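Chain by chain, the residues:
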Amino acid sequence: MLLAKPVPQFDECFISYLIRVSEKNGFKHIGHLLHYAGLNWKNNRAPIHQLLSGDYNAKPLLSALGLPEFRSKSSSACRSFLRGVDTPYTLVKFPKVCPECLQALGYCKYQWAFLPVVACSKHKRMLEDVSSTTGKRLGWYRQYLARFDGEDHSIWPKESYASTSSVQQSLLIEALLSGKQPRGSNPAVLLGLELREALSLIHFIAHYQMRLQGGSFSPVAWQNYELAYVYENVWQALQAWPDSFYSLLSQYVDRPMSSKGQTGLNKHFRDLYERLHRQQENRGVARIKAEFNRYIEEYWPGVLEPERITRIQLGSATRNIISKKEVAHMLGARLERIDKLVQQGRITPVLFKGKAHYLRDQVGKLANELSSNWTMAEACQALEITRYQLKQLLDAGLIPVLQKPDSLNRDWVVDKQGCLALISVLRSNARKSAPPPGAKSLAGIQRQGYSIVQLVLAMQNGELQYGVAAEFNGTSSFKQFLGFTINHLE
């Protein structure tokens, strides 16, 4: 029987409790303690990971030692989400501790055994896992809970504090582990997710960030400060979601998976989407899939052939990025005209593989603007005036214009609605009674030497009386106005 039987704490890591029992009873490490309890593994080894995750039934060992049943929060947390977790990385291989908490509490918290908890949320410092004097990792098989192997002093904290991102992420994971609602300013994309879903999303982004750098995401083998750096980059990306995810995807344009160029790029995105598809019933992965689909549809001109991947649910049958020829067809213009529109800032090119493409929505908006207004010829026909008269009205500002000729453009775009509004005002100012004797037509007034600009101004200011034809086909035509009499036209 044991000489000392310390009481387990409610938030204590199970291995921490075994180390405390081993330390107080004079065992060299927990392997000897469990061997004494009847485990009998070779070289006094212990099933560390299985004990942490709850996969190994420790009740017989505790009973043999005369210790109370240990209800590990780490084990219960693992059992609650590991069955559906979509990431293989959850628990640490080597322990990490907060020296200040360890000194105050006398035990290690179960939350520290989880990979994404990299900082102490209370003291705002990074968790320690490497000795600053020897460079050795902290081990599960140590003789003293608060010391590194071979050292005679307690673990002390580094002077520097953890980054805000590391503390926020650790707070989020701790809250999800305990089943509470996370507090603080967490990325919106993580709101409402369970632990396994948030962890899947975090590790998915970490994996592809590391792949861009030519490495792989292997968090179990890394030291805590290395892991914290990777998680910090992920946290910043999640805070800028979804733009950061789009930026991540766009970097694969220049980094295809093979030397085959476009073929290699297609292969990479097929593999990426296959991985997303296999992770079913996970809201974290579902949010990634939604943005992936949106990105492919909005920003990538034919990067994936629709018949090659049928699972991508595109919102429309057309791509939003189109070629220069397609732009020219939509606008009814020559290819040279597209370059002028770019210089004017009317459309914006999108570079893909060194070639310019254009946003369909932007081009469509411009095409709609051009089609819903008038050219010079259309305006002359609708208003039934000469090109010279229309130019006079345009120069005087009596008819609004959307586009004037310049060094990059030779065409006018006349505001159709502005023209119709002018005609409507002139109609409302017209005489309601019959025309007096001697009234003249618009052409008759103009033959007396008055310009179209003077006459329109006089019609607006009431200096000219006129009527409107009772029946006239062209409601936008100036020829509908008749029966002019001059009051005091100068």
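As a reminder, the structure under discussion sits directly above these lines.
Here's a quick rundown of the structure. (Residues numbered from 1 in each chain as written. Predicted model: local features only at pLDDT ≥ 70, side-chain atom pairs only at ≥ 80, totals over all residues. Heavy atoms only, no water.)

1. Here's the deal with the overall build of the protein
Put simply, the test is: For the purposes of this entry, the term helix denotes a DSSP run of H or I that reaches at least four residues, the term strand denotes a run of E that reaches at least two, and both are numbered from the N terminus. Note on definitions: a residue-residue contact is assigned when non-hydrogen atoms from the two residues lie within 4.5 Å. Residue exposure ignores everything except the shown protein chains as possible cover, and the areas themselves are Shrake-Rupley values with a 1.4 Å probe.
Counting its regular elements, the protein contains 20 helices and nine strands. Put simply, of all contacts in the protein between residues at least 6 apart along the chain, 61% involve residues at least 24 apart. Approximately 25100 Å² of the protein is accessible, and the part contributed by carbon and sulfur atoms is 49%.

2. Some points on the packing of aromatic side chains
Stated precisely, the cut-off is as follows: Each aromatic pair joins two rings of Phe, Tyr and Trp (for Trp, the six-membered one) with centres within 6.5 Å, and gets the label stacked for planes under 30 degrees apart, edge-to-face for over 60, and tilted for any other angle. The buried label applies to any residue whose accessible area, calculated with a 1.4 Å probe on protein chains only, is under 20% of its type's maximum; exposed applies above 50%, and partly exposed to all values in between.
Scanning all chains against the criterion turns up 11 aromatic pairs. Between Tyr 17 and Phe 70, the aromatic rings sit 5.3 Å apart at their centres with planes inclined by 20 degrees, giving stacked as the arrangement. Within this pair, whereas Tyr 17 is found in helix α1 (residues 14–24), its partner Phe 70 is found in the loop between α4 (59–65) and α5 (73–81), the two being separated by 53 residues in sequence. For Tyr 17, a relative accessible area of 0% gives the class buried.

3. Concerning the pattern of salt bridges
Selection criterion: Here, a salt bridge means any side-chain nitrogen of Lys or Arg that lies within 4 Å of a carboxyl oxygen of Asp or Glu.
All told, the structure shown has 12 salt bridges when counted by the stated rule. Across the pair Lys 59 and Glu 69 runs a salt bridge whose closest N-O atoms are separated by 3.6 Å. Of this pair, Lys 59 sits in helix α4 while Glu 69 is found in the loop between α4 and α5, placing the two residues 10 residues apart along the sequence. A residue is classified by how much of its surface remains accessible, and Glu 69, at 45% relative accessible area, is partly exposed. For the salt bridge of Arg 196 with Glu 194, the shortest nitrogen-to-oxygen distance reads 3.8 Å. Judged by its relative accessible area of 15%, Arg 196 is buried. Among the residues examined, Glu 194 registers a relative accessible area of 43% and is labelled partly exposed.

4. Brief notes about the packing of helix α7 (residues 164–177) against helix α9 (residues 224–239)
Let me state the cut-off plainly: Under this scheme, a helix contributes an axis fitted over its contacting stretch, all axes are lines through C-alpha atoms, and angles between N-to-C directions fall in the 0 to 180 degree range. The cut-offs work like this: below 35 degrees is roughly parallel, past 145 is roughly antiparallel, 65 to 115 is roughly perpendicular, and the gaps in between are oblique. Basically, the charged four are Asp, Glu, Lys and Arg, the nonpolar ten are Ala, Val, Leu, Ile, Met, Phe, Trp, Tyr, Cys and Pro, and anything else, Gly included, counts as polar.
Here α7 crosses α9 at 85 degrees, and the two axes come no closer than 9 Å. As judged from the angle between their axes, α7 and α9 are roughly perpendicular. Seen from α7, the contacting residues are Ser 165, Ser 166, Gln 168, Gln 169 and Leu 172; seen from α9, they are Ala 228, Tyr 231, Glu 232, Trp 235, Gln 236 and Gln 239. The class makeup of the residues in the contact of α7 with α9 is four nonpolar, six polar and one charged.

5. Details of the packing of helix α8 (residues 195–212) against α9
Remark: α8 packs on α9, axes separated minimally by 9 Å, with the N-to-C direction vectors making an angle of 110 degrees. When the axes of α8 and α9 are compared, the pair comes out roughly perpendicular. Between α8, through Leu 201, Ile 202, His 203, Ile 205, Ala 206, Gln 209 and Met 210, and α9, the contact on the second element is made entirely by Val 230, Tyr 231, Asn 233, Val 234, Ala 237 and Leu 238. When grouped by side-chain class, the residues that make up the contact of α8 with α9 number 10 nonpolar, three polar and no charged.

6. Focus: the nonpolar core
To keep it simple, the criterion reads: Take the buried Ala, Val, Leu, Ile, Met, Phe, Trp, Tyr and Cys residues and link them wherever side-chain atoms come within 4.5 Å; each set so joined is a nonpolar core.
With 87 residues, the main nonpolar core has Ile 15, Leu 18, Leu 190, Ile 205 and Leu 238 as its most contacted residues. The element that contributes the greatest number of residues to this core is α8, accounting for 10 residues. Residues in contact with Leu 190, not counting those within four places in the same chain, are Leu 172, Ala 198, Leu 201, Trp 235, Leu 238 and Arg 287. Of all hydrophobic cores here, the second largest spans 32 residues; its members include Ile 399, Leu 426, Leu 442 and Ala 458.

7. Here we look at helix α20 (residues 452–461)
Within α20, the full set of buried residues consists of Ile 452, Val 453, Leu 455, Val 456, Ala 458 and Met 459. Contacts from the buried residues of α20 go to α17 (387–396), α18 (416–428), α19 (442–447), β8 (464–468) and β9 (481–486). Where α20 ends, the next residue or the one after it, Gly 462, has phi of about 80 degrees, a positive value.

8. Observations regarding the environment of Ala 396
Assignment of secondary structure puts Ala 396 in helix α17. On the basis of relative accessible area, Ala 396 is assigned to the partly exposed category, the value being 43%.

9. What about the side chain of Thr 485?
Quick note on the threshold: Within 3.5 Å is the distance limit for a polar contact, defined as a pair of N or O atoms, with the added protein rule that one can donate a hydrogen and the other accept it, and that residues adjacent in sequence qualify only through two side-chain atoms.
Examined against the element boundaries, Thr 485 turns out to sit in strand β9. Within the structure, the side chain of Thr 485 is placed 3.4 Å from the side chain of Arg 431, a separation counted as a polar contact. Among residues more than four places away in sequence, those in contact with Thr 485 are Arg 431, Pro 436, Ala 439, Leu 464 and Gln 465.

10. Observations regarding the state of the cysteines
A disulfide bridge is the covalent bond that connects two cysteines by way of their sulfur atoms. Basically, it comes down to this: Cysteine sulfur atoms are paired as a disulfide whenever they fall within 2.5 Å.
Tallying each qualifying case throughout the model produces zero disulfides. Free cysteine: Cys 108, not disulfide-bonded; nearest cysteine sulfur from Cys 13 at 6.7 Å. Of the residues examined, Cys 108 reaches a relative accessible area of 6% and is grouped as buried. Looking at the unpaired Cys 120, the closest cysteine sulfur is the one in Cys 98, lying at 3.5 Å. Given the relative accessible area of 3%, Cys 120 is considered buried.

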